[in-house]
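# Secondary and tertiary structure notes
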Amino acid sequence: MEIKQSELILNPDGSVYHLNLKPENIAHDIIFVGDQDRVEKITAHFDSIEFTTQKREFKTQTGIYKGKRLTVQSTGIGPDNIDIVINELDALVNIDLKTRQPKKEFTSLNIVRIGTSGSLQADIPVDSFVMSQYGLGLDNMLRSYLIEEVSEYAMEEAFLNHTKWDIRKGKPYVIKCSEKLEKLIETDYIHKGITATAGGFYGPQGRVLRLAIQDAELNNKMDIFNFNGKRITNLEMETAAIYGLCALLGHNALSLNAIIANRATGTFSDDPYAAVNKLIEYTLDKLVK
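Residues numbered from 1 in each chain as written. Predicted model: local features only at pLDDT ≥ 70, side-chain atom pairs only at ≥ 80, totals over all residues. Heavy atoms only, no water.

### Brief notes about the overall build of the protein chain
Of the regular secondary structure elements, the protein chain holds 7 helices and 14 strands. Across its three principal axes, the protein chain shows a C-alpha extent of roughly 50 × 40 × 40 Å. Relative to its 289 residues, the protein chain shows a buried fraction of 52%. The long-range fraction of contacts in the protein chain, counting pairs at least 24 apart against all pairs at least 6 apart in sequence, stands at 76%. As displayed, the protein chain has an accessible area near 13500 Å², and 50% of this comes from carbon and sulfur atoms. (Helix = DSSP H or I, 4+ residues; strand = E, 2+ residues; numbered from the N terminus. Buried < 20%, exposed > 50% of the residue type's maximum accessible area, 1.4 Å probe, protein only. Contact = heavy atoms within 4.5 Å. Areas by Shrake-Rupley, 256 points an atom, 1.4 Å probe, with all protein chains shown as cover.)

### Notes on the nonpolar core
The nonpolar side chains of soluble globular proteins are, as a tendency, buried together. In this structure, Phe32, Ile42, Leu89, Ile242, Leu254 and Leu284 are the most contacted members of the largest nonpolar core, which totals 57 residues. Other than its neighbours up to four places away in sequence, isoleucine 242 contacts Phe32, Ile82, Ile86, Arg113 and Ala253. In this structure, Leu136, Trp165, Met222 and Phe227 belong to the second largest nonpolar core, which totals 18 residues. (Core = buried A, V, L, I, M, F, W, Y, C linked by side-chain atoms within 4.5 Å.)

### Topic: the pattern of salt bridges
Evaluation of the coordinates by the stated rule reveals 15 salt bridges. Here aspartate 29 makes a salt bridge to lysine 68, at a shortest N to O gap of 3.5 Å. Of this pair, aspartate 29 sits in strand β1 (residues 29-33) while lysine 68 sits in strand β4 (residues 68-74), and the two are 39 residues apart along the sequence. On the accessibility criterion, lysine 68 (25% relative accessible area) is partly exposed. Residue glutamate 40 pairs with lysine 59 through a salt bridge whose shortest N-O separation is 2.8 Å. You can see glutamate 40 sitting in helix α1 (residues 39-43) and its partner lysine 59 sitting in strand β3 (residues 58-65), a full 19 residues away along the chain. When salt bridges with common partners are traced through the structure, they connect Lys176, Glu179, Glu182, Glu186 and Lys192 into a single cluster. (Salt bridge = Lys/Arg side-chain N within 4 Å of Asp/Glu carboxyl O.)

### Here's the deal with the side chain of threonine 43
With respect to the helices, strands and loops of the structure, threonine 43 is situated in helix α1. Threonine 43 gets classed as buried once you look at its relative accessible area, which sits at 4%. Excluding its chain neighbours within four sequence positions, the residues that come into contact with threonine 43 are Ile49, Gln61 and Val72.

Rendered as structure tokens:
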């Protein structure tokens, strides 16, 4: 069935609406960053760049690194932007944009997020790396989709009970990372665990300025949550949404974070840019292998 123009919006040149991309503009291996200025910090390592575009906060560059074609895509901040980016990337490879029909041959993308985050655990220090084995979505965006087949129900229920979660905020969800990418990227010195994804930066992450928050003890509860040995390692705003949409659409996703702050110890990295660049170099070399 043809997808209506109101559902899949294209620009006059035939590119997808928000990302301003055509199918030939992207590789099947994609690195996500939040900050548009970080795109060129990654592609500065490339041997060559074949394509660049930007619309709003969505900047894309595609090029070659050590013989491998890669795309770097900025998503902006938050689960709502992730909804736009992943759906439009999927449309580029799995929908014929001219006929507006789903393609008969499915294409799976490999998506690795490189981000920065604050650790919730005292033993995960600044300048270390965290791999998100699970994304814990506190944002509620993914609940617009039918996610039961890809979510980790037992972990969700354990988190609800442990935190005495107020269901008026929506029900949290848990999605596992791609095991394929986990095996490709992992190493002994990368910390693993659960990454919580919040729908905002201040109240949703327990920060108090002039507004009281619904559960002032939520971060403390999250610090001590443990499900079969899995702890919540860090808190950010994209990972669970990436995992959920990729799992539903059949793409591989993995989220990596350079820890630049430790909220348990109150410390901040002396050189966060160096920590991020080290993670960038590590990830690029793993992807080409």
